[in-house]
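Listed below, chain by chain, are the residues.
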Amino acid sequence: MENCLFCSIANGDPDKLVWQNDTAAAFNDIHPKAPVHVLVVPKRHVEKLDDLDDAELAGQLLMAVRQAAEAAGVKGAYRVMVNNGAPAGQVVEHLHFHILGGRRFEA
Ligand code: 5GP
Ligand code: ZN
């Protein structure tokens, strides 16, 4: 999709990515909320989790989260979060999985 920030990052400069494969990309959050804060996104535009109707892509994205977490050095110790829709805190309208790690989390 044109003019989508995360479409541009995911399909842009590979040096800015923490990890990628054919369908997904991972990059550091610009305002990290933990020592490790990586975003995993599909390379093709999906607005939010509610719109993810492709089971194959859904599986690929979960595997991408695991692999990106390992690449970011937090295997075995990370939290995954998705904000679905503006009322839930979604600001960027391109599906993204937050991987947070490098510190302890309560509740
Ligand atoms: P949301 O609130 O939509 O779930 O999360 C959006 C995330 O994208 C936020 O954590 C925010 O810091 C991050 N973000 C916003 N703009 C940029 C950007 O231009 N580059 C990167 N790497 N992250 C961004
Ligand atoms: Zn997009």
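For the structure given in this document, a descriptive report is provided here. (Residues numbered from 1 in each chain as written. Chains lettered and ligands numbered in written order. Predicted model: local features only at pLDDT ≥ 70, side-chain atom pairs only at ≥ 80, totals over all residues. Heavy atoms only, no water.)

1. Observations concerning the sheet that holds strand S1 (residues 19-20)
Then, number 1: Overall, antiparallel pairing links the five strands, which are arranged S1-S2-S3-S5-S4 in an open sheet. Looking along the sheet, the strands with just one partner apiece sit at the ends: S1 and strand S4 (78-81).
Then, number 2: Sheet analysis places strand S2 (residues 24-28) next to strand S3 (residues 36-42), joined by five bridges and oriented antiparallel. For Ala25, the partnering residue across the bridge sits in S3 and is Val41.
Then, number 3: On the sheet, helix H2 (residues 55-71) packs against S1, S2, S3, S4 and strand S5 (97-101) and is oriented at approximately 155 degrees with respect to S3. (Pairing = 2+ DSSP bridges. Helix = DSSP H or I, 4+ residues; strand = E, 2+ residues; numbered from the N terminus. Contact = heavy atoms within 4.5 Å. Axes fitted to C-alpha atoms, helices over the stretch in contact; angles between N-to-C directions.)

2. Looking at the coordination of the zinc ion (ligand 2)
Then, number 1: Here the zinc ion (ligand 2) is held by Cys4 (SG), Cys7 (SG), His45 (ND1) and His94 (ND1), and the distances to it run 2.0 to 2.3 Å.
Then, number 2: Here the zinc ion (ligand 2) binds four donor atoms, and the angle range of 105 to 116 degrees at the metal identifies the geometry as tetrahedral.
Then, number 3: Read N to C, the donor residues that coordinate the zinc ion (ligand 2) are spaced as C-x2-C-x37-H-x48-H. Pair noted here: Cys7 is in helix H1 (residues 5-10) and His45 is in the loop between S3 and H2, with a separation of 38 residues, a long-range link.
Then, number 4: A relative accessible area of 23% places His45 in the partly exposed class. (Donors = N, O, S within 2.8 Å, 3.2 Å for Na, K, Ca; no water. Tetrahedral: all angles 85-135°; square planar, octahedral: opposite > 155°, others 65-115°. Buried < 20%, exposed > 50% of the residue type's maximum accessible area, 1.4 Å probe, protein only.)

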